[in-house]
Amino acid sequence: PVDISGCFVYVATTGTQGPTFTFPKASVLKPATSIRIYTNEVHKETGGYSYGSGKAIWNNRGGVAVLKDSNGKKLGELKYKADAL
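**Q** Go over the packing of aromatic side chains, please, and point to the residues and values.
**A** Counted according to the given criterion, the structure contains seven aromatic pairs. Between F21 and F23 the ring centres are 5.1 Å apart and the planes differ by 85°, which places this aromatic pair in the edge-to-face class. Exposure class is identical for F21 and F23. Each is buried. Seen in terms of ring centroids, W58 and Y80 are 6.1 Å apart; in terms of plane orientation they differ by 80°. Their pairing is edge-to-face. Of this pair, W58 sits in the loop between β6 (49-50) and β7 (62-68) while Y80 sits in strand β8 (residues 74-81), and the two are 22 residues apart along the sequence.

Pasting the structure below:
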């Protein structure tokens, strides 16, 4: 398991840092699992994370999500396409 507390994800579709989600204390990613961060929904089966936003965060045509640790070091990014949603 990896403690992702304090790590943050942001949308970078336009090449700049967009809306940012920070994982709360006690957030743990278990091996061989995945999570989703929804715009304004909570689904416990995929981690239970949400921006809690009334405006669209993710572009349904595809985009880029960036993951950084609590110090701002880039840990990875995910380029997603519309057919992967």
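Picking up where we left off.
**Q** Give a description of the nonpolar core that names residues and reports values.
**A** Counting 11 residues, the largest nonpolar core is built from I4, C7, V9, V11, F21, F23, I37, Y49, Y51, I57 and A65. When neighbours within four sequence positions are excluded, V9 is seen to be in contact with P19, T20, F21, F23, I37, Y51, W58, A65, V66 and L67. One finds Y10, A12, V64 and V66 within the second-largest nonpolar core, a separate group that totals five residues.

Scoring rules and cut-offs
- Residues numbered from 1 in each chain as written.
- Predicted model: local features only at pLDDT ≥ 70, side-chain atom pairs only at ≥ 80, totals over all residues.
- Heavy atoms only, no water.
- Phe/Tyr/Trp six-rings, centres within 6.5 Å; stacked < 30°, edge-to-face > 60°.
- Buried < 20%, exposed > 50% of the residue type's maximum accessible area, 1.4 Å probe, protein only.
- Helix = DSSP H or I, 4+ residues; strand = E, 2+ residues; numbered from the N terminus.
- Core = buried A, V, L, I, M, F, W, Y, C linked by side-chain atoms within 4.5 Å.
- Contact = heavy atoms within 4.5 Å.

Don't take any of this as a statement about function, it's just geometry.
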